[in-house]
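# Fold and contact review
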Amino acid sequence: MEQPTDDCEGAVAQQLHQEEESLGTLIDHLEIVVTEAEKRTNGALNIREFYTVYLVETKLLKGSKWPNARELSSLWRRYSQFEMLRLYLENMYPFVVCPCLPEKKSVYSWNAATNSSDTFDPDFVDRRRAGLETFLIRVASHPVISRDAVLLMFLQQNEGWQDKLKDYAGYITKAESKLKSLSLPSRLKNPDKRFEVCHKYGSDLHLNISSTLKLRSKALEKQYCLHKLHANYGRVFSEWSAIEKEMGDGLQRAGHYMDSYASCIDSTLEEEELVADQLKEYLYLANSLQSVCRKQQIMQLNLERAMAVVDSKNIEKQRIQQGKSSLMSRLFGAVDSEEIREAKLEELEHKITQENNSVTVAQADLNKFTMNALEDIQRFQNQKNQDLKETIRAFATLQVKASRKNLTVWTHMRDCLTSIP
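Now for a quick tour of the structure. (Residues numbered from 1 in each chain as written. Predicted model: local features only at pLDDT ≥ 70, side-chain atom pairs only at ≥ 80, totals over all residues. Heavy atoms only, no water.)

## Digging into a nonpolar patch on the surface
Here is the rule we go by: Like-charged residues are merged into a patch within 9 Å and nonpolar side chains (Val, Leu, Ile, Met, Phe, Trp, Tyr) within 5 Å, provided each residue has over 30% relative accessible area and no salt bridge. Calculation of accessible area relied on Shrake-Rupley with a 1.4 Å probe; when residues are assessed, cover is drawn exclusively from the protein chains displayed. Should a side-chain nitrogen of Lys or Arg be within 4 Å of a carboxyl oxygen of Asp or Glu, the pair is scored as a salt bridge. Secondary structure counts use DSSP, requiring at least four H or I residues in a row for a helix and at least two E residues in a row for a strand, with both numbered from the N terminus. Each residue gets one of three labels from its accessible area relative to the maximum for its type: buried under 20%, exposed over 50%, partly exposed in between, using a 1.4 Å probe on protein chains only.
Together, Leu226, Leu229 and Tyr233 line one region of the surface with nonpolar side chains, adding up to about 270 Å² of accessible area. Residue position: leucine 226 is located in helix H7 (residues 193-241). Residue class for leucine 226 comes out partly exposed when judged on its relative accessible area of 44%.

Here is the structure:
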């Protein structure tokens, strides 16, 4: 009598799953833009707290039927609220390589002065605004987390979405404590080689990108100094032209091109910062990849511990059956009565059954996590290959553009000097 009910429930679940897949992701239905940033303050006059808010605007695309989505919305969000959203998504979907937020403070900058703690610098704030928009687009494009109800509430509701997070506060705290406990020395008996490879890859990816960004910052600092040095040549040529009659015009024009060469580096560096931000995104995504692998190790460790408990209980059961369950019995040959032994065996059988159920649940959770995580890691790899290829191509294009601009300046400078009588 129960079979038709189960089949009916399975058919309904499959139909709902098909309907969700047919909808696609949230980004297919909703246009998401972080349009501007604004500096605000709160508190008394003598104790003020300054902070930056970002305007998140969404628009439902024509013909879209995303559940509970509003046609238009516009609201302000703080960076800390973006952090709350990401923490929620990371812990509610532990198998997902969760998209990352832009840097909280400027790092790997070519100019040491911009590596300060000033988070209100207009250029930095605008770059972070663009990074937050990228984060929202990444999340809304994900095939799993884009369907989360809290995400849509974050995008379109001023109130209520934070209350939803309170229900998961305990879960998030528990997940964080487990991740910290994994840093203690512990070795898995049967580690999953696939996740070991992914964890090492994440570490290598983080190392290589950070090394690239460090080398870039050093090279750009020298390049910037070299360009700005030519401003001195421009000033000398201009002063020199004032005392030369025949050579004056040529020297003046040459000084002008020297100044142009000195100033053209500024726009180049601004464009390079945007490319660097794209690399930084994958610097942090490498950490997200490692986090997924650590969560798999936690689940594997929990399974092995549960299996170890079952093994110890079975050994204890064998000892009771042999009448050698205690130290006293082994030393003096005392044997429990048949009634006591039967009571102990019955209690132990009950515990073994419970522990076996725990092993079954842990194994099922691990299998489900492994399947979902490997699928998402493959999605991440495909996305990474495409994005980094475009980033490196953009960087190469930028260098060619800058070199052509510099060559043009030097060509004009050569013509000015050769035209001097």
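Here the narrative resumes, following the displayed structure.
## Thoughts on the packing of helix H3 (residues 122-141) against helix H8 (residues 248-321)
Note the cut-off: Throughout, an axis means a line fitted to C-alpha atoms (over the contacting stretch in the case of helices), and angles, computed between N-to-C directions, take values from 0 to 180 degrees. Note on terminology: angles under 35 degrees are roughly parallel, angles over 145 are roughly antiparallel, angles of 65 to 115 are roughly perpendicular, and the others are oblique. A crossing counts as left-handed when the near helix is turned anticlockwise from the far one by less than a right angle, and as right-handed when that turn is clockwise. By definition in these notes, contact holds between two residues if any of their heavy atoms fall within 4.5 Å. Each residue gets one label: Ala, Val, Leu, Ile, Met, Phe, Trp, Tyr, Cys and Pro are nonpolar, Asp, Glu, Lys and Arg are charged, and the others, such as Gly, are polar.
Look at H3 against H8: their axes get within 11 Å of each other, and the N-to-C directions meet at 45°. Taken together, H3 and H8 sit at an angle that is classed as oblique. Here H3 and H8 pass one another in a crossing that is right-handed. Between H3 and H8, the contacting residues are Arg127, Thr134 and Arg138 on the first element and Glu273, Leu274, Asp277, Lys280, Glu281 and Tyr282 on the second. Residue composition of the contact of H3 with H8, by class: two nonpolar, one polar and six charged.

## Things to note about the packing of helix H2 (residues 79-92) against H3
Axis separation between H2 and H3 bottoms out at 12 Å; the angle between their running directions is 25°. The orientation of H2 with respect to H3, classified from their angle, is roughly parallel. Both H2 and H3 take part in a crossing whose hand is left-handed. Facing Tyr79, Phe82, Leu85, Arg86 and Leu89 of H2, the residues of H3 in contact are Arg128, Leu132, Phe135, Leu136 and Val139. For the contact of H2 with H3, a count of residues per class yields eight nonpolar, no polar and two charged.

## Regarding the pattern of salt bridges
According to the stated counting rule, one finds 22 salt bridges in the structure shown. As a salt-bridge pair, aspartate 204 and lysine 200 come within 2.9 Å of each other at their nearest N and O atoms. Of this pair, aspartate 204 and lysine 200 both sit in helix H7, four residues apart, which is roughly one turn of that helix. Counted as one network, the salt bridges with shared partners bring together Glu103, Arg127, Arg216, Glu272, Glu273, Asp277 and Lys280.

## Comments concerning the nonpolar core
Where we set the bar: By convention a nonpolar core is built from buried Ala, Val, Leu, Ile, Met, Phe, Trp, Tyr and Cys residues, the set being connected through side-chain atoms within 4.5 Å.
In terms of nonpolar packing, the biggest core is built from 56 residues, with Leu26, Phe82, Leu85, Leu89, Leu136 and Leu155 touching the most fellow members. The element best represented in this core is H8, accounting for nine residues. Setting aside chain neighbours within four positions, we find leucine 85 in contact with Phe135, Leu136, Val150, Leu151 and Phe154. Counting residues in each nonpolar core, the second largest holds seven residues, with Phe237, Met258, Tyr261 and Val409 among its members.

## Quick notes on helix H4 (residues 149-156)
Here is the rule: Here a polar contact is recorded for every N or O atom pair within 3.5 Å, except that within protein the pair must consist of a potential hydrogen donor and a potential acceptor, and residues adjacent in sequence are included only if both atoms are side-chain atoms.
For H4, the buried fraction is high: seven of the eight residues fall into the buried class. If you check which residues of H4 are buried, you get Val150, Leu151, Leu152, Met153, Phe154, Leu155 and Gln156. The N-terminus of H4 is capped by aspartate 148, whose side-chain oxygen sits 2.8 Å from the backbone nitrogen of valine 150.

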